[in-house]
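Letter by letter, the chains look like this.
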Amino acid sequence: MPLGAASAPRLQSPFLCCPLKSSCSSPSKSARSFTLQSPRRPPYPLVIAADLDANTITAISVGLVSVAVGIGIPAFYESQIDNASKRDNTQPCFPCSGSGAQRCRFCEGTGSVTVDLGGGEKEVSPCINCDSAGSLTCTTCQGSGIQPRYLDRREFKDDD
């Protein structure tokens, strides 16, 4: 081939090959006209490789897991609350044994408080904690005698 002769530059790529021949050394006229009319594209989409290090992959993974957990846990609790509200609650209250009342801790259920003044003198006065009743309404079940469910024990107040 003479140096002054004009020739098309030859591209070397495994993707630029004749469709019917295994070698690109001498494409036929029909193959040449085919490649000139419509450039051949690979049958798969072009993917550009991203240069990701281990820290970036870890950060992305942690972010995805955090989003999944942030959505999954509230959904799980919501379904549990819905299922629990459908069931009847018949468990007796543990602190009051299902009676709805607890013995007063100040007067120990007598309704009166005895104070030793010394020198053999004692003063008996009505209990101011239970108003001389000897018992108080159970603070766990609010007098119902039924053990409340876990989330029902809390009072949620809007502080705004």
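In this text, all values refer to a predicted model and were calculated from it rather than measured experimentally.

Focus: the overall build of the protein
Moving on, step 1. From N to C terminus, the protein includes two helices and four strands.
Moving on, step 2. The order of α-helices and β-strands along the protein, N terminus first, is α-α-β-β-β-β.
Moving on, step 3. Here the protein, with 160 residues, has 11% of them falling under the buried criterion.
Moving on, step 4. Taking the intrachain contacts of the protein between residues at least 6 apart in sequence as the baseline, contacts between residues at least 24 apart amount to 51%.
Moving on, step 5. As displayed, the protein has an accessible area near 13900 Å², and 57% of this comes from carbon and sulfur atoms.

Observations concerning the UniProt feature "transmembrane region" (unreviewed entry) in the protein
Moving on, step 1. Those places that UniProt annotates as "transmembrane region" (unreviewed entry) correspond, in this numbering, to residues 56-77.
Moving on, step 2. Secondary structure content for residues 56-77 is 100% helix and 0% strand, while the C-alpha to C-alpha distance between its ends is 32 Å.

A closer look at the environment of Arg-105
Moving on, step 1. If you trace the backbone, Arg-105 turns up in the loop between strand 1 (101-103) and strand 2 (112-118).
Moving on, step 2. A relative accessible area of 75% means that Arg-105 is categorised as exposed.
Moving on, step 3. Taking C-alpha positions, Arg-105 is 8.6 Å from Asn-129, a pair spaced 24 residues apart along the chain.

Reading the values: the criteria
- Residues numbered from 1 in each chain as written.
- Predicted model: local features only at pLDDT ≥ 70, side-chain atom pairs only at ≥ 80, totals over all residues.
- Heavy atoms only, no water.
- Helix = DSSP H or I, 4+ residues; strand = E, 2+ residues; numbered from the N terminus.
- Buried < 20%, exposed > 50% of the residue type's maximum accessible area, 1.4 Å probe, protein only.
- Contact = heavy atoms within 4.5 Å.
- Areas by Shrake-Rupley, 256 points an atom, 1.4 Å probe, with all protein chains shown as cover.
- UniProt positions renumbered as here; feature names shortened; annotations may be inferred.

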